[in-house]
Amino acid sequence: MIPLGSVNIVLPLLVGIPLLAAIATTVVDSRRWRAGISVTFASLQLLLIVLWLVTLQHTGADAAYRYVLGGWNSPLGINLVADGLAKVLLLITAVLVLVLSIYSAIYFTDPAKTTRFWPLWWLLVTGLNAAFIGADAFNIYVALEMIGLAAVALVGLAGTRTALTAALRYALVGLLGSLCYLLGVSLLYRTYGTLDLAQLATETQADPMTAASLCLISIGLLLKTALLPLHFWLPPAHASAPAPVSAALSALVVKVSFYLLMRFWLDVLTPATTELAMNLLGILGAGAIFWGCIAAFRAQRLKLVVAYSTVAQLGYMFLLFPLVAASHSPSSITGAAAAAVVYFIVAHALAKAAMFLAAGNIQMFNNHDTVDKLQGLARTQPLAVLTFAIAGVSLIGLPPSGGFIAKWLLLNVAIGNGVWWWAIVVLGGGLLAAAYIGRVLHVAFSHPVAQTIDTDNANAARHPPGGMVLCALALAACSILLGFNAEWILNLLDASVEPPIPGVGGMQ
Amino acid sequence: MSQEMLYCAAGIALFGIGMFGVIVATHIIRKLIAVNIMGIAVFMVLLATARHGAVTDPIPHAMVLTGIVVAVAGTALCLWLALQIRLLGRGTKGEPPR
Amino acid sequence: MFLKLEFKENQATSGELSTTTRVLLAIAIVALGTSLIYAILSAGKAPPDLAAQVAEKLDLSGVGNPVTAVLLNFRSYDTLLEVAVLLVVAVAIMPPRLSSSAGKRFLFVNDTHNPHVPDPILLNLLKWLVPLAILLGGYLLWTGAYSPGGAFQAAAVIAGAGVALSLGGRHKFAWEISGVRLASSLGLLVFVTVAATNAFITGTTLQYPIDHASTLILLVETFTTVSIATILLLLFAQLKSLADPPGEMHQ
C-alpha cells in the first residue's frame, strides 16, 4: 500500500478538482453559488499546485512525478506524468484559471448563461490538466476532444450568428484534427502494442509506419494549433467568443496541441522526424508571424487584431523545431530551445489573456470594438488602454517584459547555433507587432472626432466593473513581472529529468 | 496480404474519402456525415488491429467504444450549433474572417 | 474550405473550392492514403499486443468480460473522461432551468393542443416496448460483467425507449427541471467518489480493492448508465425540438 500522503496524489487531484467543480456548478441552482464555488475551486487548485511545486523544489524528489492510475502499470493501465514542461504549463493554467474565473464571475450576469458557462469552463480546465499530465496517447485523444468540444460550446455561448458559425467551423476543424490524431495513435498501437508515451519513446524506430503515424498526428495537432495554412478557423472563433473565453482559448487551448506536438516530435517519435520537416515547420512558423502581423494590422475589429496576433505569436513557437534541428542536442525536450519556447508560451499566455480582457472591457464600454472608432479612448478608459499597452510591450518583446526575455532566449539559441536567419525572423516579427499595437494605441490616444459612443448603442454600453479592469491589469502586470523572475520558470524546467521507464505490466 | 491488412487498407481508403468530403462539402450535414465516415474508418482500423494476434485484443475494442461515445457527442454538438444558426436566420453563409 | 457553411434544404451544394483545388486536394489525400497503406503492408511482423496481459490480469479485475475489465478497471480513467465529454455536450445543449418548473415531473402526458393525433396502435405497442427496453437495458448492464454488454449499451437501449416514447407523441419530457442536471452528472459524481474512496482504501486512485471490485464496478456502471441514458435522450429531444420548433410544425 502506497501512503496517501505521497506528493504523487496531486496528479489525479489536478483532474479531480476541476471535475468536481464542473459537477457542482452543473447541479447548484444559484448564480452566486456557481461563481463562489468556481472561485473557491480555482484558488484551491492554484494553492495545491504552488504547494506541490514548492515541496518538489525542497525535497528534490524527481521520482515523484509518475502516478500509476488504478495500480495498473503501463501498457495495460494509464499513467499520469508531470515533467518540468508540464509543471510550468499546469502552473500558468492554474494562475489564469483563477484570474479568469474572477473576471467571469463579474462578466456573466445572465443566469441562463452562467448555467452553461461554469460547467463548460470547468470541463475545459479538466481537459487542459488531463492533456498536460496524460502519459497515454489514447487518453490524450479523449482529453483533446473534451477541450475541443468544451471550447466550441463556450464560443457558441456568445449566441450571435457570427459566433455560432465560428463555433461550428471550429467544431468541424477540431473533429477533423482529432480524428487524424486518433488514426495516427491507432497505427502506433498497431505497430508497437502500447499507448504509453514513455514506452513508445524507447521503442520507436525510423520505419515508414512510424513516419506515417507522426504525419497523421502532426496534421491533426497542427490543425488544432492553427499553424499558418491551417489557421483560418482561429480568428473568427477567438474574436467572437465572450471575452474570458477568448482569453482562455488564445492563452491556453491552442498551447495544448502545441505542447503535444513538442512531446511527439522531440520526445516520443523523434527517430521518425527529419531535419527537413523540422525546418519546414519553422518556415511555416515564420510565415505565420509575418502574415498574422499583417492581418492584425489590417483587421477592423479590436478583438480580431488580438486574434490575428495569436496567429503570429503561435508562429514563434514553431521556431522551436528548426532551432532544435540546428542544435543537435540529444535530449531536445529539455534543451535550451525548448526552454526558450516554453518561456515564450508563458509570456504569451499572460500578455494575450490580459489583452483579450482589456479588449473585452473596451467592447463593453463602447458596445463595439471597431478600431477606427476608438478615438479618445485613452481619456475615457485609461486603465483598459494601459493594460492593452503593457500587454503589447510584452508581445512586441520590449524590455523589461516576459516577452523580451522569451525573445532574448530564442535569439540566444539561434545565434549560438549559427542559424542567424531565424534571429532575423524573431526581430522582424517584433517590429511588425509594434506596428499593429501602435496603430491601436495611436487611435486610442488621438482626439475624439465626435461622440465616440454610438448614440444608438449608448444604452447598452456601460462602464466595465472595477473587478474586471483589475483582473486585466493584474495579468498585464504579471507579464511584466515575469521579465524580472525569469530564473524561476527556468529552474522549474531544469528540474525535469527523463522519466523512468516503468516495468512492463504487473500490479504494484 | 492478410485479411486484417485488407481491413486496415479499406479503413484508410474510407478515411481518405471522408477527409475529402469534410473539406470539399459546403453543406453542414454533408460535412458531418463525412466526419462520421472518418470516425468509422478509424474504428475499422482499430477493430482490424484487435484481430491481428492469436487472441482478440480487448484494448482497441474499448478504444472504439470510447470513440463512438465521443463521436456521438461531437456530432450532437455540431447539429445543435447548425440548428441554432438556422433558427437565427434561414440559409447561412459563414462570413469570411476579416 | 471551411469558410462557407450552408444549411438549406432542397439545395444542390455549390462548390466553394475550384476544380483545380479539388484535384490537388484529391491527389494529396490519395498520396497520404497510399503511403499509409504502403506503411501497413511493409510492417511485416506481428507486433506484440496486450491481449495476453489483459487475460493474465483478468482475474484481478473483478469482472469476467475483458472489454468491461479494460473499460472500467484497467483503463477506467478513459471512461471517466468519456462520461465527462458527454456532460460537456449535455450542458451545452440543456435548456435553461425555469423557476416555474419547480415540482414538475420529468415525464408527463402532453395535454396541450397537439397537431399530431397519436397513433393508437403505436401507443399500445409502446406500453409493451418501453418496459421491455428498460428491462433489456438492465440485463445488458448486468451481463456486461461476463459477456458483451455494459453501461453504454444499456444506456443506448434505455434512451431508445425514451426516444420511442417521445415519438409516440403523447408523452413529453421536462428538460428544464433540476433533476435532469443531477441525473446527467450523477454518473460522473459516483465515478469520482468511488475513485477517491479507492485512494483511501488502497492508496491509489481508481484502484479497486480486489474483494469489492465487482460490486464497485457495478455501482459505477449503474449510475453511469443513468447519466448516459439521460444525456442521449436529452440530445435527441433537444435536437428534435430545434429541428421542428413548436411554432412551425411541418404541414
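Definitions and limits used
- Residues numbered from 1 in each chain as written.
- Chains lettered and ligands numbered in written order.
- Predicted model: local features only at pLDDT ≥ 70, side-chain atom pairs only at ≥ 80, totals over all residues.
- Heavy atoms only, no water.
- Helix = DSSP H or I, 4+ residues; strand = E, 2+ residues; numbered from the N terminus.
- Buried < 20%, exposed > 50% of the residue type's maximum accessible area, 1.4 Å probe, protein only.
- Contact = heavy atoms within 4.5 Å.
- Disulfide = S-S within 2.5 Å.
- Salt bridge = Lys/Arg side-chain N within 4 Å of Asp/Glu carboxyl O.
- pLDDT = per-residue confidence, 0-100.
- Patch = residues over 30% accessible without salt bridge, like charges linked within 9 Å, V, L, I, M, F, W, Y side chains within 5 Å.
- Areas by Shrake-Rupley, 256 points an atom, 1.4 Å probe, with all protein chains shown as cover.
- 1 Å grid on protein atoms, 1.4 Å probe; cavity = no way out; pocket = protein on both sides within 12 Å on 5 of 7 lines; lining within 4 Å.
- Points joined across faces, edges and corners; volume = space filled by probe spheres on them.
- Nonpolar A, V, L, I, M, F, W, Y, C, P; charged D, E, K, R; others polar.
- Buried area = accessible area lost by both parts, 1.4 Å probe.

Helix and strand content of chain C: eight helices and two strands. Reading chain C from its N terminus to its C terminus gives the helix and strand order α-α-α-α-β-α-α-β-α-α. Put simply, chain C has 251 residues, and 51% of those count as buried. By sequence separation, contacts in chain C at least 24 residues apart represent 72% of the contacts at least 6 residues apart.

On to the state of the cysteines, then. What we call a disulfide is simply a covalent bond connecting the sulfur atoms of a pair of cysteines. All names here are of chain A. Per the counting criterion, the structure on display carries zero disulfides over all chains. Free of any disulfide, C180 has its nearest neighbouring cysteine sulfur in C215, separated by 9.0 Å. With no disulfide of its own, C471 has C478 as its nearest cysteine by sulfur position, at a separation of 11 Å.

The next point concerns the pattern of salt bridges. Residues and elements named next belong to chain A. Within this structure, the stated rule accounts for nine salt bridges over all chains. A salt bridge links D83 to R263; the nearest nitrogen and oxygen atoms lie 2.8 Å apart. A residue pair is termed long-range when its members are at least 10 positions apart, and D83 in the loop between strand 2 (79-81) and helix 3 (84-107) and R263 in helix 10 (residues 243-268) qualify at 180 residues. Across this residue pair, the class does not change: D83 and R263 are buried. For the salt bridge of D372 with R439, the shortest nitrogen-to-oxygen distance reads 3.8 Å. Residue D372 is located in the loop between helix 14 (336-366) and helix 15 (377-380), and its partner R439 is located in helix 18 (residues 420-445); the two are separated by 67 residues in the primary sequence.

Turning our attention to the confidence of the model for chain C. All names here are of chain C. Confidence in the prediction for chain C averages 85 pLDDT; 85% of positions are at 70 or higher. When mean pLDDT is compared element by element in chain C, helix 4 (residues 76-93) scores highest at 96, while strand 1 (residues 107-109) scores lowest at 81. Overall fold confidence for the complex sits at a pTM of 0.93, while the interface term, ipTM, reaches 0.92.

This part is about a nonpolar patch on the surface. Residue and element names in this part refer to chain C. A contiguous nonpolar surface patch, about 470 Å² in accessible area, is contributed by L122, L125, L129, L132 and L135. Counting through the fold element by element, L132 comes out in helix 5 (residues 120-143). Given a relative accessible area of 54%, L132 falls into the exposed group.

Moving on, we come to empty space enclosed by the protein. All names here are of chain A. Under the counting rule described, the total for this entry stands at 12 cavities of 30 Å³ or more. Looking at the largest cavity, its volume works out to about 120 Å³. Looking at the largest cavity, the residues that line it are L144, I147, G148, Y170, V173, G174, L223, K224, W233, V253, V254 and S257. Here the residues of the lining of the largest cavity are counted per class, giving eight nonpolar, three polar and one charged. There is about 100 Å³ of room inside the second largest cavity.

The partner chain B presents 43 residues to the 37 residues of chain A that form the contact. Together chain A and chain B conceal approximately 3,500 Å² of surface at their shared face, both sides included; 79% is due to carbon and sulfur atoms. Run the count over chain A and chain B and you get one salt bridge. Two residues, R190 of chain A and E4 of chain B, come together in a salt bridge whose shortest N-O distance is 2.7 Å. When contributions to the side of chain A that touches chain B are tallied by element, the ones reaching two or more residues are helix 5 (137-156), helix 6 (161-192) and helix 12 (302-318) of chain A. With 19 residues, helix 6 of chain A is the largest single contributor of residues to the side of chain A that touches chain B. Of the residues that constitute the side of chain A that touches chain B, the class distribution is 26 nonpolar, five polar and six charged.

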